[in-house]
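A structural walkthrough
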Amino acid sequence: MDRPLRTLRALAFAATLSAAGLALAQTPAADAPASAAGDEVPNAGEVVDTFETSPDLEPMRYRHLWIAYSAIWLLVFGFMFRTYKKSEATQAELELLKRRLADLEGKNGD
Amino acid sequence: MTEARPPAPRPPRTRAPGYTRTVLIVLAKDARTELRSKQTLATMLLFGLVLTFVYAFGFVSDPATNKKVMPGAMWGALLFAGTLGVGRTFAREAEDGAFGALVLSPAERSAILLAKIAVNVALSALVMVVVVPLLAVMLRVDLTDCAGLIALQLLLGAIGFAAVGTPLAVMAVSARFAEVLLPIVVFPMVTPVLIAGVKGASVALGTAIETDPWPWLQFTAAYGLVFGAGGLFLFERMVTE
Amino acid sequence: MRLLFPAATALGAVAIGVAHYLAFVHVPMESTMGAVQRIFYFHVPSAWLFYLGALLCFGASLGYLINRKARWDAFAHASAETGLVFGLIVVVTGPLWARPVWGVWWNWEPRLTTMSLVLLMFAAYWVVRAFGGPGQGVRRFAAVLAVFAGPSIYFVRVAVNRWGGVHPPAETASRSDDVIKLTMYTCFFLLLFVFGLLLRIRYRAHRDALTVRAVRRRLARLGGI
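No experiment lies behind these values; they were computed from the predicted model shown.

For the rest of this paragraph, the subject is the overall build of chain B. Counting secondary structure elements, chain B contains nine helices and zero strands. Mapped in sequence order, the helices and strands of chain B form the string α-α-α-α-α-α-α-α-α. A burial count over chain B gives 51% of its 241 residues as buried. For chain B, restricting intrachain contacts to residue pairs at least 6 apart in sequence, the fraction spanning at least 24 positions comes to 83%.

Structure below.
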């Protein structure tokens, strides 16, 4: 494969991409009226501020949220800790292997 | 004393065939082997038929509902049967140990990929020619008014699907559980094709609110173009040795 | 040097603590949504970080396909994993917010759909890395996957937007006042620190595994072991 052909192909690639992008941009993305999918999507038209919260549930949710988040972060840090431990083991193994390699190479070299 | 040896005979100079010729050669080779063995086509067709029964038993209902179910059934069949075909793209070469030879040959690799994409599109198209009318009969949906439009949509969709699926299938060969991994990997990526196809088909069947099928067609075409170009461009880098 | 990472991790834990304090104590109750709105302070930054992980994975994979340096691939792998962790946070917290506010756990709303599809793509990437086996072929496969995911995400966005055609609830975030915004950004940077830590440790693990394999190969060639 020679360079000019490669460059040419890269150019063609870029041109195709941008042409496709243009073609996409030209289709009126908003031509589907907001109600288009309304019958298929439940709660589609619902705007966020029409919901109702019951005040007596608030504190409970609050606490649940706290617990959920703590659990998530515990998991994340647990994952990190596990990787760290494994990584330490790998490092130790690497040291060992490298020492053995150095021994072998020293022997072969003499 | 060594006498002057006669110059070794030069190996015959092999020139790589041109790009178009490479595509045609690989295409012809695959067409010939497929016509002889009919392995992939037969399995795909049978799978498509089985799928129509699954859909028929699962979804057949009153005519209005059937009409709404039809696009999803068609496109589901295309994706599932297509995955089967795409997964077998290089199967014969792999079985005969000819994959390395094909890649090592001086032919340009992207030409090989292009030919393979064409093969997969042709296989999907053949399967859909049988499966779609059958689905129409089973779900009792009248497709005569929009047959051309739906055929065009399916063809563009098959191109988009093959453009994504073929290179990934080639790459998947070296992984363990390749045949399981392939659908997991391909389906999320071809969701745009599925969405566009189902939407476009429901426009064609008159069950959607929009009436213009062209934006979705254009979208599917753009998808196929971008992934086709990207795959062909990257293929040289994907496969080595 | 050996204590650097544990120290940084401790700092990360403190950062998470601070973020909790900011999100649950410091910030005043949002008027329309109440307590559930506090999910935003973790949910939105996590979504950004997920996309950041995906972006890093895309870039590193493209680089790997071009220069064939295994370290780039290790980095792509690590960033996909890190991104996935944050993507999981988004997916878990999203429904928690949607249930009281929308009344449903799930809604085929464009943003949600896009997010879930991208998450599926990277989950597939992870599955390939985890179960596909080692070896160059699989690494290249994964790299191609990540590179293809790039334009695919764009198409998914466009398709899903046109498919759903509903107003995204992004307004709820943009409508908020300064304290809320400031807290959100602060939380983002705190989480970014944790993101960096996770990326660092995962990258180191993958890179070391590569080195171990290389050293093993050399040993085997020299007749050791």
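Core analysis: the biggest nonpolar cluster contains 110 residues, and Met70(B), Leu168(B) and Phe122(C) have the highest contact counts within it. Beyond its immediate sequence surroundings of up to four residues, Met70(B) is in contact with Val132(B), Leu135(B), Ala136(B), Leu139(B), Val141(B), Leu143(B) and Leu205(B). Leu65(A), Tyr69(A), Phe195(C) and Ile201(C) belong to the second largest nonpolar core, which has 45 residues in total.

Turning next to helix 8 (residues 178-205) of chain B. An α-helical segment advances 3.6 residues per turn. Residues three or four places apart therefore align on the same side. All names here are of chain B. Of all the bends in helix 8, the greatest, near 50°, is centred on Val190, and the proline Pro192 appears no more than four residues after it. Extensive coverage of helix 8 is indicated by the burial of 21 of its 28 residues. With its phi angle positive at about 80°, Gly206 sits one or two positions after the end of helix 8.

Residues Phe177(B), Val180(B), Ile184(B), Trp126(C) and Phe131(C) make up a contiguous nonpolar surface patch of about 470 Å² in total accessible area. Elements with a contribution of two residues or more to the nonpolar patch: helix 8 of chain B together with helix 4 (110-131) of chain C.

Turning to the interface of chain C and chain B, a few remarks are in order. Every contact between the two is made by 33 residues of chain C and, on the other side, 33 residues of chain B. Around 2,800 Å² of area is buried between chain C and chain B when both sides are counted, 78% of it from carbon and sulfur atoms. When the buried area of chain C at its contact with chain B is split by residue, Phe141(C), Phe148(C) and Phe155(C) rank highest and sum to 26% of it. Connecting chain C to chain B are zero salt bridges.

This brings us to the packing of aromatic side chains. Applying the stated criterion across every chain, the model contains 21 aromatic pairs over all chains. Cluster of aromatic residues (ring-pair linked, three or more members): Trp216(B), Phe219(B), Tyr223(B), Phe227(B), Phe148(C), Tyr154(C) and Phe155(C).

Attention shifts here to the packing of helix 3 (residues 63-87) of chain B against helix 8 of chain B. Residues and elements named next belong to chain B. For the pair helix 3 and helix 8, the least separation of the axes is 9 Å and the interaxial angle reads 145°. Like other packed secondary-structure pairs, helix 3 and helix 8 cross with a definite hand, here right-handed. Packed against helix 3, whose contacting residues are Lys67, Met70, Pro71, Gly72, Met74, Trp75, Leu79, Phe80, Thr83, Val86 and Gly87, the element helix 8 presents Leu182, Pro183, Phe187, Val190, Val193, Leu194, Gly197, Val198, Ala201, Ser202 and Leu205 at the interface. In terms of residue class, the contact of helix 3 with helix 8 is built from 16 nonpolar, five polar and one charged.

This model, assessed by the stated rule, comprises seven salt bridges over all chains. Its salt-bridge partner being Glu88(A), residue Arg204(C) comes within 3.8 Å of it at the nearest N-O pair. Of the two residues, Arg204(C) sits in helix 7 (residues 178-222) while Glu88(A) sits in helix 2 (residues 58-109), which places them in two different chains. With a relative accessible area of 15%, Arg204(C) lands in the buried category.

Moving on, we come to the layout of surface pockets. Its boundaries defined by the atoms lining it, the second largest pocket holds a volume of some 630 Å³. Contributions of two or more residues to the lining of the second largest pocket are made by helix 2 of chain A together with helix 3 (70-102), helix 4, helix 5 (136-164) and helix 7 of chain C. Broken down by element, the lining of the second largest pocket gets its largest block of residues, seven residues, from helix 7 of chain C. Tallied by class, residues from the lining of the second largest pocket come to nine nonpolar, seven polar and eight charged.

On to unusual backbone geometry, then. Of note, the phi angle at Lys38(B) is positive, near 60°, even though the residue is not glycine. Turning to its location among the elements, Lys38(B) is positioned in the loop between helix 1 (19-37) and helix 2 (39-59). In this model, Arg68(C) sits at a positive phi of 60°, which is unusual for a non-glycine residue. Residue placement: Arg68(C) occurs in the loop between helix 2 (40-67) and helix 3. The class of Arg68(C) is partly exposed, set by a relative accessible area of 26%.

Residue and element names in this part refer to chain C. Closest axis-to-axis distance for the helix 2/helix 7 pair is 8 Å, and the angle between their directions is 45°. The orientation of helix 2 with respect to helix 7, classified from their angle, is oblique. By crossing handedness, the relation of helix 2 to helix 7 is classed as right-handed. Between helix 2 and helix 7, the contacting residues are Phe40, Tyr41, Phe42, Val44, Pro45, Ser46, Trp48, Leu49, Leu52, Gly53 and Leu56 on the first element and Ile180, Thr183, Met184, Tyr185, Cys187, Phe188, Leu191, Leu192, Phe195 and Leu199 on the second. Residues belonging to the contact of helix 2 with helix 7 are distributed by class as follows: 18 nonpolar, three polar and no charged.

Rules used in this analysis
- Residue numbers here run from 1 along each chain, matching the order of that chain's written sequence.
- For this description, chains carry letters from A and ligands carry numbers from 1, given in the order in which they are written.
- For this predicted model, a pLDDT threshold of at least 70 governs which residues receive local features, and a threshold of 80 or more governs which side-chain atom pairs are given and counted, while totals over whole chains, interfaces and linings are taken from all residues.
- Calculated side-chain values reflect all of the structure's heavy atoms, with hydrogen atoms and water omitted.
- Strands are runs of DSSP state E lasting at least two residues, helices are runs of H or I lasting at least four, and both sets are numbered from the N terminus onward.
- Buried residues are those whose accessible area, probed at 1.4 Å on protein chains only, stays under 20% of the maximum for their type, while exposed residues exceed 50% and partly exposed ones sit between those limits.
- Between two residues, a contact is recorded if the distance between any of their heavy atoms is within 4.5 Å.
- Residue types Ala, Val, Leu, Ile, Met, Phe, Trp, Tyr and Cys, when buried and joined through side-chain atoms within 4.5 Å, form a set referred to as a nonpolar core.
- By definition, a residue's bend is the angle between the axes fitted to the seven residues ending there and the seven starting there.
- Each patch groups residues whose relative accessible area exceeds 30% and which form no salt bridge, using 9 Å between like charges and 5 Å between nonpolar side chains of Val, Leu, Ile, Met, Phe, Trp and Tyr.
- To be clear on the numbers: accessible area is Shrake-Rupley with a 1.4 Å probe, and residue cover counts the displayed protein chains and nothing else.
- A pair is scored as a salt bridge if a Lys or Arg side-chain nitrogen falls within 4 Å of a carboxyl oxygen belonging to Asp or Glu.
- Summed over both partners, buried area is the accessible surface (1.4 Å probe) that two parts give up on being assembled.
- Each pair of aromatic rings taken from Phe, Tyr and Trp, with Trp reduced to its six-membered ring, is defined by centres within 6.5 Å and is described as stacked if the planes are under 30 degrees apart, edge-to-face if over 60, and tilted in the remaining cases.
- Axis angles are defined between N-to-C directions and span 0 to 180 degrees, where every axis is a line fitted to C-alpha atoms and, for a helix, only to the segment in contact.
- Handedness of a crossing is defined here by the sense of rotation of the near helix relative to the far one, left-handed for an anticlockwise turn of less than a right angle and right-handed for a clockwise turn.
- Amino acids are sorted into nonpolar (Ala, Val, Leu, Ile, Met, Phe, Trp, Tyr, Cys and Pro), charged (Asp, Glu, Lys and Arg) and polar (every other residue, Gly among them).
- Definitions used for this entry: grid spacing 1 Å over protein atoms alone; cavity, a set of points where a 1.4 Å probe fits but cannot get out; pocket, an open set with protein on both sides within 12 Å along at least 5 of 7 lines; lining residue, one with an atom within 4 Å of a point.
- Grid points are joined across faces, edges and corners, and a volume is the space filled by probe spheres set on the points.
- Between 65 and 115 degrees an angle is taken as roughly perpendicular, under 35 as roughly parallel, over 145 as roughly antiparallel, and anywhere else as oblique.

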